[in-house]
Amino acid sequence: MNSRRLRNRSLVLPTAVVLLALTLTGATAALAEGAPTAVTMAPAAWATPEPDGAVTAERQKIVERALSALTTPKRFRLTRGGPVHLSRPGHPDRDTNYLGKGNSNANLNEYNGFAGNPNQRPWCGFFAARMWANRGVPADPGNSRAWRSGTGDRWHPYAADRPPQPGDVLMWAGRNHAGHVAVVVGVSGTRVTTVEGNTGYHNDSIARQRYEWTGAGPVLKDRTKVIQGFASRF
């Protein structure tokens, strides 16, 4: 009886060894053939940002510059060549950064070179150009209408069903050569929020404004200028 059990065990052991060898051989072959393992590589597309990802990031930078300008003290003068002062953001309200004192309305600040050139006192366009980091701006950014004529196929005429995107610049035109531009910092439905220079309090402030992108388009408070459309840097 004992001898029979020994013979059975002697048969089982070689069989187990053979099965183990076959298993190891199969695993080795599978690895050699490139069979999947627990560690996998992400598809190449995941590692490469979408082409418009860089554009989205640049748009966000424009928005951040504009919001920073609204909330950061900025340099201005009350007279040409006079002492430099710093603005007090949040006065008279949180949507305003007044670059003046009292009723000065001097329009002499760091955006228009403190108006070293008297023809450059209107400064909404210079403000917008700074928010774009002076990249892709018209040759004469101080001329509001140049944002329409000087931005090529990046100009988009107003259409109620085609709103701007954050980072774009709105442009209004009035009588003669009058105009105004504003940097878009937010779009929610038909509500377009901007930060713009040479506007608001005493018309010499950086201010946050809100408009409706419906019907005939955004209306300025003075109602002397009509929306034309918007320019994009991209």
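Note: the structure precedes this text.
> Would you explain the overall build of the chain in this entry?
Secondary structure assignment for the chain yields five helices and nine strands. Going residue by residue from the N terminus, the α and β elements of the chain occur as α-α-α-β-β-β-α-α-β-β-β-β-β-β. Expressed as a percentage of its 234 residues, the buried residues of the chain come to 38%. Of the contacts made within the chain by residues no fewer than 6 positions apart, 54% connect residues no fewer than 24 positions apart. Carbon and sulfur atoms make up 56% of the accessible area of the chain, which totals about 13,600 Å².

> Help me understand the sheet that holds strand 6 (residues 179–188), please; the structure alone is not making it clear to me.
Sheets are built from strands paired through backbone hydrogen bonds, the pairs being either parallel or antiparallel. In spatial order, the strands read 3-8-7-6-5-9-4; together these seven strands make up an open sheet with antiparallel pairing. Each end of this open sheet is capped by a strand with a single partner; those strands are strand 3 (96–98) and strand 4 (155–157). Neighbouring strand axes in the sheet, compared pairwise and without regard to direction, differ in orientation by 35 degrees on average. The pairing of strand 6 with strand 7 (residues 191–199) spans five bridges and is antiparallel. Residue pairing in the sheet places Val183 in a bridge with Val195 of strand 7. Its contacts with the sheet place helix 4 (residues 124–131) against strand 5 (169–173), strand 6, strand 7 and strand 8 (205–212), and it is angled at close to 40 degrees to strand 6.

Criteria and thresholds
Residues numbered from 1 in each chain as written. Predicted model: local features only at pLDDT ≥ 70, side-chain atom pairs only at ≥ 80, totals over all residues. Heavy atoms only, no water. Helix = DSSP H or I, 4+ residues; strand = E, 2+ residues; numbered from the N terminus. Buried < 20%, exposed > 50% of the residue type's maximum accessible area, 1.4 Å probe, protein only. Contact = heavy atoms within 4.5 Å. Areas by Shrake-Rupley, 256 points an atom, 1.4 Å probe, with all protein chains shown as cover. Pairing = 2+ DSSP bridges. Axes fitted to C-alpha atoms, helices over the stretch in contact; angles between N-to-C directions.

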